[in-house]
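As a plain string of letters, each chain reads:
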Amino acid sequence: MNAFEIIGGKKLKGEITPQGAKNEALQILSAVLLTDQKITISNIPDIKDVNKLIELLGDLGVIVERINKDTYTFEAKDINLDFFESDVFKAKGGGLRGSIMIVGPLLARFGKAAIPKPGGDKIGRRRLDTHFIGFEKLGAKFVYDSKKAFFNVDATNLRGAYILLDEASVTGTANIVMAAVLAKGTTTIYNAACEPYLQQLCKMLNRMGADIKGIGSNLLTIEGVKKLGGTEHRMLPDMIEIGSFIGLAAMTESEITIKNVCYDELGVIPEVFRKLGIKLERRGDDIFVPSQKHYEIDTFIDGSILTIADSPWPGFTPDLLSIVLVVATQAKGNVLIHQKMFESRLFFVDKLIDMGAQIILCDPHRATVNGIDKKYQLRGISMTSPDIRAGVSLLIAALSAEGTSTIYNIEQIERGYQDIDIRLRALGAQIKRVEGSGPSH
Ligand SMILES: CC(=O)N[C@H]1[C@@H](OP(=O)(O)OP(=O)(O)OC[C@H]2O[C@@H](n3ccc(=O)[nH]c3=O)[C@H](O)[C@@H]2O)O[C@H](CO)[C@@H](O)[C@@H]1O
Ligand SMILES: C=C(OP(=O)(O)O)C(=O)O
């Protein structure tokens, strides 16, 4: 087990380029199963979750070739459907959340699929009803073996249908779209998730020959086609990494330029950081964050305390709320952080409180942060990273803190952030990898 040892309190400076987007990669890689033609994908992040999915595709029989550091080709000519029965599949398929998205394409192309209940962060209940109700509407039958935590799905003939999703699930929408592109007839998906990654998926599918309309909205209309072909696709930069770097710059009083961010795809993200009082400038397609000693949280127009809450796109992504929370601890003013989607994602605030932050966890979904305006520095401690985004938030806190911190369970961070220690060292951070499993909590 690895840990990060961080000596905090140092200003950073320089340029950093975001990696390709993790959550887009998981959708796009699943889509290669929809055709027997070659698909070339670039800007693939070299991170644990993505590499696990690539390995799983290889196990299923996809010919995977690495062209260079971030570009691969995939050819799903012969797929071994017997692999579903293997213990290897049961172990690997459950290892990440994104593996659930191989079900839609397999169902569409081969009429059957199976998947263990997928992994991912332990951040609260993560149901899959939207996925399977959607498949059922398209004519599939599914069986869930609760003892083995394993789903089997069958469909001899997928047929287009009207589907009103019970919630705008991101991976659920991607899965149903991928099942519907080869189904007979018209599928309408209302209350669809519409974040940039889904738009990217739909655009790629259209380049492969699919007929999807309404991209970017919550109403998708899909005319099924008989066959899809090959294409090339480039992943967007990871918007969660971009937000993390904005937060990092503010907390450590650093001047950082975040390169090639695809600014127009960032939605409300820059505005939410501005509401915390953080100065950031768009320079071409880069974001420049100047070194700033103080930043002051806005109030609502009537003077009441600001709330920052998550909601489905184009609302604020839940994956950045932990970062916003940590950055608020050193701001001037107060903010209520409302994590509506996940009920176990805010418990990491205990560690920030141990570091000296002033936070009240009101209930599992809400925390009030009393920003201390840098009257004193947080202090370094030893801690364990509970999930990917809390892990990076703790890393940011540690980089701003006085003294040494150790963060254990960094596998959680590394499933989504590529070479994070190396890239932060290039900005001047004092962070090194050490051995250690740390406390069990
Ligand atoms: C691999 C991947 O892409 N993971 C992302 C994906 O997960 P994932 O696709 O698993 O998340 P979903 O969009 O299905 O749902 C996330 C949570 O929000 C709740 N919910 C969702 C929609 C809604 O309208 N109301 C509501 O309450 C769900 O019940 C669930 O608890 O989207 C989440 C929400 O952006 C992100 O946190 C994850 O990083
Ligand atoms: C929660 C996340 O990932 P996953 O859905 O893979 O657990 C995330 O990326 O913040």
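Residues numbered from 1 in each chain as written. Chains lettered and ligands numbered in written order. Predicted model: local features only at pLDDT ≥ 70, side-chain atom pairs only at ≥ 80, totals over all residues. Heavy atoms only, no water.

What about the packing of aromatic side chains?
As a reminder, the rule being used: Centres within 6.5 Å are what make two rings of Phe, Tyr or Trp a pair, Trp counting through its six-membered ring; a difference in plane orientation under 30 degrees is then read as stacked, over 60 as edge-to-face, and the rest as tilted. Three exposure classes are used, based on accessible area relative to the maximum for each residue type with a 1.4 Å probe and protein chains only: buried under 20%, partly exposed in between, and exposed over 50%. Every helix listed is a DSSP run of H or I at least four residues long, and every strand listed is a run of E at least two residues long, numbered separately from the N terminus.
As enumerated under the stated definition, the model contains 9 aromatic pairs in all. Both rings, one in tyrosine 72 and one in phenylalanine 74, keep their centres 5.8 Å apart while their planes meet at 15 degrees; by these two values the pair is stacked. Each member of the pair, tyrosine 72 as well as phenylalanine 74, carries the same accessibility label: buried. Ring plane angle 40 degrees and centroid distance 5.0 Å describe the contact between phenylalanine 132 and phenylalanine 142, whose orientation is recorded as tilted. Taken as a pair, phenylalanine 132 in helix α5 (residues 129-137) and phenylalanine 142 in strand β7 (residues 141-145) lie far apart in primary sequence, 10 residues in all. Cluster of aromatic residues (ring-pair linked, three or more members): Phe132, Phe135, Phe142, Tyr144 and Phe151.

Quick word on the confidence of the model for the chain
The criterion, for reference: The predictor rates its confidence in each residue with pLDDT, a number between 0 and 100.
Residue-level pLDDT values for the chain average 95, and 99% of them are 70 or greater. Overall fold confidence for the complex sits at a pTM of 0.96, while the interface term, ipTM, reaches 0.98.

Points about the packing of helix α8 (residues 239-251) against helix α12 (residues 388-400)
The criterion, for reference: Only the stretch in contact is used when fitting a helix axis, every axis being a line fitted to C-alpha atoms; angles between N-to-C directions are given from 0 to 180 degrees. Working definition: roughly parallel below 35 degrees, roughly antiparallel above 145 degrees, roughly perpendicular at 65 to 115 degrees, and oblique for all remaining angles. In this scheme the handedness of a crossing depends on how the near helix is turned from the far one: anticlockwise by less than a right angle means left-handed, clockwise means right-handed. Any two residues whose heavy atoms approach within 4.5 Å are treated as being in contact. Gly is put with the polar residues, along with every residue not named as nonpolar or charged; the nonpolar set is Ala, Val, Leu, Ile, Met, Phe, Trp, Tyr, Cys and Pro, and the charged set is Asp, Glu, Lys and Arg.
One way to put it is that α8 packs onto α12 with a least axis distance of 9 Å and a crossing angle of 20 degrees. Between α8 and α12, the interaxial angle falls into the category roughly parallel. Judged by the sense of rotation from one axis to the other, the crossing of α8 with α12 is right-handed. Contacts between α8 and α12 pair Ile240, Ser244, Gly247, Leu248 and Met251 from the former with Arg389, Val392, Ile396, Ala397, Leu399 and Ser400 from the latter. Among the residues making up the contact of α8 with α12, the classes are represented as 7 nonpolar, 3 polar and 1 charged.

Here's the deal with the sheet that holds strand β1 (residues 2-7)
The test is simple: Paired strands, in this sense, are two strands between which DSSP finds at least two bridges.
Read across the open sheet, the 4 strands follow the order β21-β22-β1-β23; overall the sheet is mixed. The open sheet terminates on both sides in strands that have one partner only, identified here as β21 (382-384) and β23 (430-435). For this sheet, the mean inter-axis angle between neighbouring strands, taken without regard to orientation, is 25 degrees. The pairing of β1 with β23 spans 6 bridges and is classified as antiparallel. If you follow asparagine 2 over to β23, its bridge partner there is glutamate 435. Contacts between α12 and the sheet are confined to β1, β21, β22 (404-408) and β23, with β22 contributing the most and set at about 170 degrees to the helix.

As for the UniProt feature "binding site: phosphoenolpyruvate" (unreviewed entry) in the chain
Heads up, the rule is: UniProt positions are given in the numbering used here, feature names are shortened, and annotations may be inferred rather than shown by experiment.
The UniProt entry lists Lys22 and Asn23 under the feature "binding site: phosphoenolpyruvate" (unreviewed entry), expressed in the numbering used here. In this fold, lysine 22 is placed in helix α1 (residues 22-31). Take lysine 22: its relative accessible area is 7%, and that puts it in the buried class. If near-sequence neighbours (up to four positions away) are discounted, lysine 22 is found in contact with Pro45, Ile47, Asp49, Val50, Asp238, Ile388, Arg389, Arg415 and Gly416.

Regarding the environment of alanine 149
Considering the arrangement of structural elements, one finds alanine 149 in the loop between β7 and β8 (150-154). Counting along the chain gives 86 residues from alanine 149 to isoleucine 63, while the straight-line C-alpha distance between them is 29 Å. In this view, alanine 149 contacts Pro116, Lys117 and Tyr144; residues no more than four positions away in its chain are not counted.

A few points about the environment of proline 386
Turning to its location among the elements, proline 386 is positioned in the loop between β21 and α12. With a relative accessible area of 33%, proline 386 lands in the partly exposed category. Non-local contacts of proline 386, meaning those with residues more than four positions away in its chain, are made with Phe348, Leu394 and Gln412.

Structural notes on the site of ligand 1
Spelled out, the test is: Consider each residue's heavy atoms; a residue with any of them within 4 Å of a molecule or strand counts as near. In the analysis that follows, any N or O atom pair within 3.5 Å is treated as a polar contact, provided that within protein one partner can donate a hydrogen and the other can accept it, and provided that, for residues neighboring in sequence, both atoms belong to side chains. Accessibility throughout is a Shrake-Rupley quantity obtained with a 1.4 Å probe, and a residue counts as covered only by protein chains that appear here.
Around ligand 1, the structure places 16 residues, and the nearest of them are Arg97, Ser169, Val170, Thr171 and Asp319. Note that an oxygen atom of ligand 1 is positioned 2.9 Å from one of the side-chain N or O atoms of glutamate 167. Separating an oxygen atom of ligand 1 from a backbone N or O atom of valine 170 is a distance of 2.9 Å. Protein burial of ligand 1: of its 750 Å² of free accessible surface, 85% is covered by the chains.

Describing the domain arrangement of the chain
For clarity, the cut-off: All domain edges in this entry derive from an automatic or database-based domain assignment. The buried area of a pairing is the accessible area, by a 1.4 Å probe, that goes missing from both parts when the two are put together, added over both.
Segmentation of the chain into domains returns domain 1 (2-19 + 237-435) and domain 2 (22-234). Taking only C-alpha atoms into account, the centre of domain 1 sits 31 Å from that of domain 2. Across the interface of domain 1 and domain 2, roughly 2,000 Å² is buried in total on both sides, 47% from carbon and sulfur atoms. Ranking the residues of domain 1 by area buried against domain 2 places Trp313, Arg415 and Gln418 at the top, with a combined share of 32%.

Some words on the UniProt feature "active site" (unreviewed entry) in the chain
UniProt's entry tags Asp121 with the feature "active site" (unreviewed entry), counted in the numbering of this structure. Within the secondary structure layout, aspartate 121 lies in the loop between β6 (112-116) and α5. Once residues lying within four places of it in the same chain are set aside, the contact partners of aspartate 121 are Arg126, Arg345, Asp387, Ile388, Gln412 and Arg415.

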